[in-house]
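# Coordinate inspection notes
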Amino acid sequence: MPPVTLATMTALPRGAWQDVARATGLLAPGATSTADVAATIFAEMSALAVSTGAVNLGQGFPDVDGPAAVKAAAVRAIEAGANQYPPGPGIPELRAAVAAHQQRHYGLDVDPDTEVLVTTGATEALASAILALAGPGDEVITLEPFYDSYAAVIALAGATHVPVALAPTPGGFRLDVAALRAAASDRTRILLVNSPHNPTGTVLTRDELAAIAQVACERDAVVVTDEVYEHLTFDDAEHVPLATLPGMAERTLTISSSGKSYSLTGWKIGWVHGPAALVTAVRTVKQFLTYVSGAPFQPAIAQALADDDAPRELAASLAHRRDLLCDGLRAAEFDVVVPQGTYFVVADATRIIERFGLADGVELSRRLPELAGVVGVPMAAFCRPGSPTSERLRNALRFTFVKQEATLREAIARLRVLAAQ
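Nothing here was measured: the structure is a model prediction, and the numbers come from that model.

## Observations concerning the sheet that holds strand β11 (residues 344-348)
In spatial order, the strands read β10-β11-β14-β13; together these four strands make up an open sheet with antiparallel pairing. The sheet terminates laterally at β10 (335-337) and β13 (377-378), the two strands that pair on one side only. Of the strand pairs in this sheet, β11 and strand β14 (residues 396-400) are connected by five bridges, and their pairing is antiparallel. Its bridge partner being in β14, Ala347 is matched across the sheet by Leu397. Together, β10, β11 and β14 form the strand contacts of helix α12 (residues 309-331), whose direction differs from that of β11 by roughly 15°.

This is the structure:
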């Protein structure tokens, strides 16, 4: 297998700006792309929650702040003058903390000076990686359903999005390995892998990850992993970074952030690590996006990463809230796929949709504030329109349980009216 090098895997494609200009047309009114559907639905659901007073279980952000000690560290950094541009790759303390975290948790040896880049959240890291490594003529494989920004940034890069299904089973959503093998081709440039997975809550097994690794090696593709929920797994589910599999560290960009593990989503402190040549390529793009950000937050997150207790405590609390919401959704006659991780649960609403004579999950999501005073997001927002996965999940909604228990109990009480009618 030839080595992955900066020369072979990077450089923005010719005509990139024209492709970006063309791709942004996908977000214009009347467009039919997944990015357009997602942008419309998320904005609409948030507005509905505000205008109707509904309990908003659509947006995945905590309604309580992260650890007080971490917030205090940011205040100290502001008072000490950390208010100007930080170094382009991120402050040395945070890069060292990321490397130490990866060694401590996963046994990965990462050079903080050449193999770690601090980004404005994981979303910027993902965008920079795809824009750096893929362009017209290239294919990017993702799991489907997928986080909505994936489709948008693949389009902005001018690459072709190739989704591979995660299918609901009695044991949760599972990867269709045969479909993955069939989807891969000589044009496959990136396999974009999200585990623990938003929106389904699945945690990929070692066997599923091994199948992805084999395809990546066979096609000489780079793997980009989105691991922002790495510490938020439940029961016996184990998060395994793909970079820990044999032969994968040299072709994997691992992305994570502090927002989910420490309930500080608004700080937007993320990072990417991997082979120095690939990280350099990502930094080349990132410098023309935000350049740098989060100066006083970076030292605070460096401190946070040294403490493993907060993520463990959050995961235990979320497991309890997950069970609470799943029980409430079942009582309201949703069929629930119990998540193994993340903030989210997928609930099939076929019986409710049929009872009220609605078309699908999109229509139910728009009617749910009126019917029950609760907001969820239709799974259609996370799928390509008309795809088999979209059809399979056409009656499903995603709800978040990263809310205070009192908020969840209020939502559950309101949802009971769906079963009573």
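Now, onward.
## Concerning the domain arrangement of the protein chain
Per the domain assignment, the segments of the protein chain are domain 1 (41-66 + 310-420) and domain 2 (68-306). Here the C-alpha centroids of domain 1 and domain 2 sit 26 Å apart. Counting residues at the interface gives 32 residues for domain 1, matched by 38 residues for domain 2. Here domain 1 and domain 2 share an interface that buries about 2900 Å² over both sides, 63% of which is from carbon and sulfur atoms. Scanning the region where domain 1 abuts domain 2 turns up two salt bridges. One salt bridge connects Asp65 with Lys71, and the closest N-O pair in it is separated by 3.6 Å. Inspection of the domain 1/domain 2 interface yields 16 residue pairs in polar contact (both at pLDDT 80 or more). Elements represented by at least two residues in the side of domain 1 that touches domain 2 include exactly α12, β11 and α15 (388-392). With seven residues, the single largest contributor to the side of domain 1 that touches domain 2 is α12. Of the residues in the side of domain 1 that touches domain 2, the class split is 21 nonpolar, six polar and five charged.

## Section: the environment of Ile353
Examined against the element boundaries, Ile353 turns out to sit in helix α13 (residues 350-356). On the basis of relative accessibility, which here comes to 3%, the residue Ile353 falls in the buried class. If we ignore the near neighbours within four places in the chain, the residues touching Ile353 are Leu358, Ala359, Asp360, Gly361, Leu364 and Asn395.

## A word on the sheet that holds strand β7 (residues 222-226)
Within a sheet, each strand pairs with its neighbour through backbone hydrogen bonds, oriented either parallel or antiparallel. On the basis of which strands lie adjacent, the open sheet formed by eight strands has the order β2-β9-β8-β7-β6-β3-β4-β5 and mixed pairing. Here the strands that pair on one side only, and so sit at the sheet edges, are β2 (116-120) and β5 (172-175). Strand-to-strand twist in this sheet, taken as the mean axis angle between neighbours without regard to direction, amounts to 25°. Pairing between strand β8 (residues 252-257) and strand β9 (residues 269-273): four bridges, direction antiparallel. Paired with Ile255 across the strands is Val272, a residue of β9. Relative to the sheet, helix α9 (residues 206-218) contacts β5, β6 (188-194) and β7, its axis offset from that of β6 by approximately 165°.

What counts and what doesn't
Residues numbered from 1 in each chain as written. Predicted model: local features only at pLDDT ≥ 70, side-chain atom pairs only at ≥ 80, totals over all residues. Heavy atoms only, no water. Pairing = 2+ DSSP bridges. Helix = DSSP H or I, 4+ residues; strand = E, 2+ residues; numbered from the N terminus. Contact = heavy atoms within 4.5 Å. Axes fitted to C-alpha atoms, helices over the stretch in contact; angles between N-to-C directions. Domains from an automatic or database assignment. Buried area = accessible area lost by both parts, 1.4 Å probe. Salt bridge = Lys/Arg side-chain N within 4 Å of Asp/Glu carboxyl O. Polar contact = N/O pair within 3.5 Å; in protein donor to acceptor, adjacent residues only side chain to side chain. Nonpolar A, V, L, I, M, F, W, Y, C, P; charged D, E, K, R; others polar. Buried < 20%, exposed > 50% of the residue type's maximum accessible area, 1.4 Å probe, protein only.

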